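Chain residues, written in single-letter form:
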Amino acid sequence: MIDSFLQQILVGFFVGSIAGVLGSLMIIKRMALVSGPLGHLALPGVALSLVYNFNMFLGALLSILAGSIVIWILKIISKLHLEVLVGIIFASFVALGFLFLPMEHAEEALVGNILKINLSDLLISFLVWLIGLFVLWKIYSKMILLGISEELAKNEEIHPKKYYLIYLILIALICALSVKIIGILLTAALTILPAVFANNLSRNINQYFIISFLGGGIGTSLGILLSKFFSLPAGPLIILIFATLFVISLIFKRK
Amino acid sequence: MEKILEVKNLTVKLDNEIIIDNLSFEIEKKEVFCILGPNGAGKTTLFKALLGLIPFSGKIKWKEGIRIGYLPERLSKMHFSNIPMTVKDFFFIKTKELSKIQEYLKQVGLNPSQILNKNPSQLSGGQFQRFLIAWVFISEPQVLLLDEPTTNVDVSGENFLFNFLAQERDKRNLTILLITHDLDIVYGFATKVLCLYKKALCWGIPRDVLTPQLLEKLYGTKLKFYIHKHD
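Residues numbered from 1 in each chain as written. Chains lettered and ligands numbered in written order. Predicted model: local features only at pLDDT ≥ 70, side-chain atom pairs only at ≥ 80, totals over all residues. Heavy atoms only, no water.

1. Details of the environment of A:L43
Residues and elements named next belong to chain A.
Here's step 1: With respect to the helices and strands, the residue L43 is situated in helix α3 (residues 43–52).
Here's step 2: Taking the C-alpha atoms as reference points, L43 and L123, separated by 80 residues in sequence, lie 23 Å from one another.
Here's step 3: Here L43 is in contact with S63, F93, V94, G97, F98, L101, A109 and I184, once residues within four sequence places are set aside. (Helix = DSSP H or I, 4+ residues; strand = E, 2+ residues; numbered from the N terminus. Contact = heavy atoms within 4.5 Å.)

2. Comments concerning the sheet that holds strand β1 (residues 3–14) of chain B
Each strand in a sheet pairs with another by means of backbone hydrogen bonds, the pair being arranged parallel or else antiparallel.
All names here are of chain B.
Here's step 1: Pairing in this open sheet of 3 strands is antiparallel, and the strands run β2-β1-β4 from one edge to the other. If you trace the sheet from one side to the other, it starts and ends with β2 (17–28) and β4 (57–62), each paired once. Between one strand axis and the next, the sheet turns through 15° on average, direction left out of account.
Here's step 2: Bridging between β1 and β4 involves 5 bridges; their strand directions are antiparallel. Looking at the pairing, V7 lines up with I60 of β4. (Pairing = 2+ DSSP bridges. Axes fitted to C-alpha atoms, helices over the stretch in contact; angles between N-to-C directions.)

3. Brief notes about the pairing of strand β6 (residues 143–147) of chain B
Here is the key point about a regular strand: its side chains alternate between the two faces of the sheet.
Residue and element names in this part refer to chain B.
Here's step 1: Burial analysis of β6 places 5 of its 5 residues in the buried class, which makes it a mostly covered element.
Here's step 2: The side-chain alternation of β6 yields two buried faces, one formed by V143, L145 and D147 and the other by L144 and L146.
Here's step 3: Sheet topology places strand β5 (residues 68–71) next to β6; 4 bridges connect them, and they run parallel. Each residue of the ladder has a partner; that of I68, found in β6, is V143.
Here's step 4: When β6 meets strand β7 (residues 175–179), the two strands line up parallel, connected through 5 bridges. (Buried < 20%, exposed > 50% of the residue type's maximum accessible area, 1.4 Å probe, protein only.)

4. Considering the packing of aromatic side chains
Residues and elements named next belong to chain B.
Here's step 1: Taken as a whole and judged by the stated rule, the model has 22 aromatic pairs over all chains.
Here's step 2: Ring geometry for F80 and F131: centres 6.1 Å apart, planes at 70°, overall edge-to-face. One end of the pair, F80, is in helix α2 (residues 78–81); the other, F131, is in helix α6 (residues 125–137), with 51 residues separating them in the sequence.
Here's step 3: Assessed through its relative accessible area of 0%, F131 is described here as buried.
Here's step 4: Between F91 and F131, the aromatic rings sit 5.9 Å apart at their centres with planes inclined by 70°, giving edge-to-face as the arrangement. Of this pair, F91 sits in helix α3 (residues 87–92) while F131 sits in helix α6, and the two are 40 residues apart along the sequence. (Phe/Tyr/Trp six-rings, centres within 6.5 Å; stacked < 30°, edge-to-face > 60°.)

5. Looking at the interface of chain A and chain B
Here's step 1: Across the contact, 21 residues belong to chain A and 23 residues belong to chain B.
Here's step 2: Carbon and sulfur atoms make up 64% of the surface buried where chain A meets chain B, a total of about 1,900 Å² over both sides.
Here's step 3: Counting every contact that joins chain A to chain B gives 2 salt bridges.
Here's step 4: For B:K48, the salt bridge identified is with A:E151, shortest N-O distance 3.1 Å.
Here's step 5: At the junction of chain A with chain B, the criterion picks out 5 residue pairs in polar contact (both at pLDDT 80 or more). (Buried area = accessible area lost by both parts, 1.4 Å probe. Salt bridge = Lys/Arg side-chain N within 4 Å of Asp/Glu carboxyl O. Polar contact = N/O pair within 3.5 Å; in protein donor to acceptor, adjacent residues only side chain to side chain.)

6. Quick word on the sheet that holds strand β8 (residues 192–197) of chain B
Residues and elements named next belong to chain B.
Here's step 1: Read across the sheet, 6 strands follow the order β5-β6-β7-β3-β8-β9 without closing on themselves; strand pairing throughout is mixed. Looking along the sheet, the strands with just one partner apiece sit at the ends: β5 and β9 (199–204). Strand-to-strand twist across the sheet, computed as the mean angle between neighbouring axes with direction ignored, equals 15°.
Here's step 2: Relative to β7, strand β3 (residues 32–36) is paired through 4 bridges, and the arrangement is parallel. From the neighbouring strand, F33 faces β7, where its bridge partner is L177.
Here's step 3: Along the sheet, helix α1 (residues 43–50) makes contact with β3, β5, β6, β7 and β8, crossing β7 at roughly 145°.

7. A word on the state of the cysteines
All names here are of chain B.
Here's step 1: Inspection of the entire model under this criterion finds 1 disulfide over all chains.
Here's step 2: Covalently, C195 is tied to C202 through a disulfide, its sulfur atoms 1.9 Å apart. One quick way to see it: the torsion about the S-S bond of C195 and C202 is about 50°, and its sign makes the bridge right-handed. Each member of the pair C195 and C202 is classed as buried.
Here's step 3: Sulfur of C34: no disulfide; nearest cysteine sulfur belongs to C195 and is 10 Å away. (Disulfide = S-S within 2.5 Å.)

8. Examining the packing of α6(B) against helix α7 (residues 155–172) of chain B
Residues and elements named next belong to chain B.
Here's step 1: For the pair α6 and α7, interaxial distance at closest approach is 11 Å and the crossing angle is 20°. Comparing their axes, α7 and α6 come out roughly parallel. Here α6 and α7 pass one another in a crossing that is right-handed. Two secondary-structure elements touch here, α6 through Q129, R130, I133 and F137 and α7 through G157, F160, L161, F164, L165, E168 and R172.
Here's step 2: Split into classes, the residues belonging to the contact of α6 with α7 amount to 6 nonpolar, 2 polar and 3 charged. (Parallel < 35°, antiparallel > 145°, perpendicular 65-115°, else oblique. Left-handed = near helix turned anticlockwise from the far one by under 90°. Nonpolar A, V, L, I, M, F, W, Y, C, P; charged D, E, K, R; others polar.)

9. Focus: the nonpolar core
The nonpolar side chains of a soluble globular protein tend to be buried, and buried together.
Here's step 1: Membership of the largest hydrophobic core comes to 133 residues, with the highest contact counts inside it found for B:F90, B:F131 and B:L210.
Here's step 2: Ranked by size, the runner-up nonpolar core spans 29 residues in total, among them B:I4, B:I19, B:A49 and B:Y70. (Core = buried A, V, L, I, M, F, W, Y, C linked by side-chain atoms within 4.5 Å.)

10. Comments concerning the environment of B:D15
Here's step 1: Counting through the fold element by element, B:D15 comes out in the loop between β1 and β2.
Here's step 2: Taking the C-alpha atoms as reference, B:D15 lies 30 Å from B:N152; in sequence the two are 137 residues apart.

11. Digging into helix α10 (residues 187–201) of chain A
Here's step 1: Relative to the 21 Å expected for 15 residues at 1.5 Å per residue, α10(A) spans 23 Å between its end C-alpha atoms, a close match to the ideal helical length.
Here's step 2: Across the 15 residues of α10(A), 13 count as buried, placing the element largely inside the fold. (Expected span 1.5 Å × (residues − 1).)

12. So, the packing of helix α1 (residues 4–28) of chain A against helix α9 (residues 160–182) of chain A
Residues and elements named next belong to chain A.
Here's step 1: Between α1 and α9, the least distance of the axes is 10 Å, while the angle of their chain directions is 140°. In terms of orientation, α1 lies oblique with respect to α9. For the pair α1 and α9, the sense of crossing is left-handed. For the pair formed by α1 and α9, the contact residues are V11, G12, V15, I18, A19, L22, L25 and M26 on the first element and Y167, L170, I171, I174, L177, S178 and I181 on the second.
Here's step 2: A class-by-class count of the residues in the contact of α1 with α9 yields 13 nonpolar, 2 polar and no charged.

Have a look at this one:
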């Protein structure tokens, strides 16, 4: 058996590294807040998993998928702007989640609890890491072209809907996996912060990918390590580490 | 001459508003086809329909297997400024052959070793335009769609572009579709002109069809306007 502390460190690296790369594409597209609402959509599922004692990742993922489908259907029948619908659904899901959420577990749902990480989380996050890394490596420069100009991309036979769908599925998986590590409140920060400091430090695409990847992974693992050391919750520590790295990266910012 | 494009009864609606209304025209190989019209006349929409980027009704028929290069409107240095990407990275999206990239950069008068590792947003306005042109040409297009390509460049950049296009057109029978507001370019460079305001207000050889009356109708105002005699 793998030691539970080692499990936490590894899950942190797997989830944080993919989150970092996803974030590096997110800040280019100026969709920086996508993973925020997606994380919040997880709350009803997280609450149910705590009440009925099943895997939190599964609850979170199903809940995010259900929320996304509801938004998608409402978008088709209501013709309202996506931002409005996302606002409505995400608030409703948070409200719904709090109806079920046992209050003694509130902190765990909001900022995470790494002690709950188990062997199945390790296996799932390793699988998502492998697939995510492969897919992102394949689509990375194409996603960047989409970020620069959708029309140029379309002329290169890069179909935005297909790529955005792949991208959103990966985000949903990572949001669901990150609930135990940092909770539903801070998922957006886990994707955005490593990407912003990678953006400051990188001079070309390869560096950008690698720094986001390693920065996200190592920063998350480091947060978990420090939480053990200082007996503080890991989620907030991880975010503070990234915030510190971001401030330091400002000194080296690309002109 | 060989027909490159046939457009028949093209209608484009966006949000229930008719942007292009029953438009028909044809383009032959090696033509320089200018599209003239005021803002909101549907010029960019026409390009997007031709490229299959938006839904339309009617017929758009390109010659089979033709390679189309496209330079969208208002693609500026700003689009690259928040992305850690070099000129080389941007070419790598299309090809990883460094020698080919260098060759195309040289063709547009750029020094590869000077710019390959720079971010495109660090180039000067003129360099940036040449870089984009090289990027479009590296796919060896047979048809080129250029949407107001001289918006962000000065006179020398404009001169370079049209000299380069003329040279490439002769060298490899390139067909060019060009959206512009510049009547000088239409008279000096275009073999055909389409005046667009939802419908085709004129279509033909610039000197035959562009009358002061027509331009007034097209733009809704009297223009200062001279016919340049080049012969």
